[in-house]
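Examination of the molecular architecture
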Amino acid sequence: MTVSPSLDERFRAAAAAANLLDVAFDVVDETPVGPLLVGVTDHGVCRISYDPDWEHQLDALARRFGPRVLRSRKPIDRVRRELDEYFAGKRRHFDVEPDVRGLRAYNQRVLTELARVEYGHTTTYGALAAQAGNPRAARAVGTIMNRNPIPIVLPCHRVVGASGSLTGYAGGLHRKEQLLRLEGVLV
Amino acid sequence: MIPPFETFYEAHRDEIYRFLDRRLARDRVEDAFQETFLRALRAYPRLRHGDHLRAWVFTIASRIVVDDVRRRRPEAELPELVTEDGRPAYEDLAHLTEDLPPKQRAAVVLRYGYDLDYEEIGAALGSTEQAARQAASAGVRRLRKERT
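Source: prediction; values computed, not measured.

Moving on: helix α1 (residues 5-17) of chain A. The first and last C-alpha atoms of α1 of chain A sit 18 Å apart over 13 residues, in line with the 18 Å expected at 1.5 Å per residue. Buried residues along α1 of chain A sit against β4 (69-71) of chain A together with α2 (26-43) of chain B. Just downstream of α1 of chain A lies Asn19 of chain A, where phi reads positive at about 60°.

Structure, rendered in structure tokens:
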């Protein structure tokens, strides 16, 4: 005998409603870039991953935010809705706050600068490095983009090489292209 | 390292559900299940390590069963020992053991009412297998004395 899906969902919803979770996560299916794992805290969205296979990602979330990490549908609804709107071309800016607690101060600074790069625009690794205080740190900025815990919301797809080449993307270059095409940067 | 709650919950939810289903009225099982894991979630950040999590969650479920039975039968007379299967039923144990010191009571109820082994009981009580065995046998001796 096993727990029924309805009882399981009821517990997961109650846990979130009682404010007992450090991180709630769920998979957002059927986006144009494939299924996304989304994690939220009471500070905002803390994780978006192109790898929806979450088993091996829970430890990292628990280390950063606390051990009460649980799949729960409802807390994700807001991010789900904003992503839907973004992919439908109806949203150019995310209202949900990115939660970058637990990252190194420099990484936080770079990601804060990244958040200012607007929809439909691009910047370069070097320019972003300069904005974060060190124009010579382009390579370090590249690494930070590669490890961006909240892609799409923190738009590392808008950062390209000085020559204008797309350079790289942790989610795969085809996704970077897809997002830039959606935003009208690439045609 | 305490595992992420999702991992812990996935590992134990079905056996906790079966445990509650065997011991509670049908209409109480789902609430008791939810309450068990909500209590576990509340206490989870205070755990110092991830050993014995299974015994720990069974202890929480056991307490919920005991409380539920007590709520439903507040006026129950001190029952006779039920020996139908050679083991007193957990409801009766909950009442019978009311006057024991807390540790002995917990050991007796967990051992004879819930069929946990001494290692699990030791873990649940934050002590050792041996201490759990001693507490249970001291409790049983005391119960025998009280009833004669």
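Turning our eyes to something else, we now look at the environment of Arg139 of chain A. For Arg139 of chain A, the position within the fold is in helix α6 (residues 138-146). The exposure class assigned to Arg139 of chain A is exposed, which follows from the 11 C-beta atoms found within 10 Å.

The next thing to look at is the domain arrangement of chain B. All names here are of chain B. Segmentation of chain B into domains returns domain 1 (1-75) and domain 2 (85-148). At the interface, 12 residues of domain 1 touch 10 residues of domain 2. A per-element tally of the side of domain 1 that touches domain 2 places helix α3 (residues 53-72) first, with 9 residues. Residue composition of the side of domain 1 that touches domain 2, by class: 6 nonpolar, 3 polar and 3 charged.

With 20 residues of chain A at the interface, the matching set in chain B holds 20 residues. Those elements giving two or more residues to the side of chain A that touches chain B turn out to be α1, α2 (58-65) and β4 of chain A. Looking at which element gives the most residues to the side of chain A that touches chain B, the answer is α1 of chain A, with 5 residues. Counted by class, the side of chain A that touches chain B contains 14 nonpolar, 2 polar and 4 charged residues.

Quick notes on the rules
- Residues numbered from 1 in each chain as written.
- Chains lettered and ligands numbered in written order.
- Predicted model: local features only at pLDDT ≥ 70, side-chain atom pairs only at ≥ 80, totals over all residues.
- Helix = DSSP H or I, 4+ residues; strand = E, 2+ residues; numbered from the N terminus.
- Expected span 1.5 Å × (residues − 1).
- Contact = placed C-beta atoms within 7 Å.
- Buried ≥ 20, exposed ≤ 12 C-beta atoms within 10 Å, placed from the backbone.
- Domains from an automatic or database assignment.
- Nonpolar A, V, L, I, M, F, W, Y, C, P; charged D, E, K, R; others polar.

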